[in-house]
Amino acid sequence: MPKFNNKTVPVNDYPDNWPEISKRYRQSKGWICEKCNLDCSDNKKNLHCHHIGPKYDSNYKNLQALCISCHKLEPGHM
């Protein structure tokens, strides 16, 4: 059975505490891009926290730390 139906699916939006979730996740990855291994520890703004699936799901299994270059290659990102 699906977790949600058409009436109960959450809005595809970031949770209120997204800045903290994003920072903790990127920090847990050592400020390294998970695709190209670029070290962004000197300029942390260059490492984004990307949702693999829906934005309302901020479990670590749904997140990926990506540098700006790798992030813009993801579908729907330019």
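Structure's up top.
### Side note on the overall build of the protein
Argument step 1. Counting its regular elements, the protein contains two helices and two strands.
Argument step 2. Partitioning the intrachain contacts of the protein with sequence separation of at least 6 by distance along the chain shows that 47% fall at a separation of at least 24.
Argument step 3. Per element, the accessible surface of the protein, about 5800 Å² overall, is 52% carbon and sulfur.

### Concerning the environment of K55
Argument step 1. Relative to the assigned elements, K55 resides in the loop between β1 (47–51) and β2 (63–67).
Argument step 2. In the structure, K55 is positioned 37 residues away from W18 in sequence and 9.6 Å away in space, judged by C-alpha atoms.

Analysis parameters
- Residues numbered from 1 in each chain as written.
- Predicted model: local features only at pLDDT ≥ 70, side-chain atom pairs only at ≥ 80, totals over all residues.
- Heavy atoms only, no water.
- Helix = DSSP H or I, 4+ residues; strand = E, 2+ residues; numbered from the N terminus.
- Contact = heavy atoms within 4.5 Å.
- Areas by Shrake-Rupley, 256 points an atom, 1.4 Å probe, with all protein chains shown as cover.

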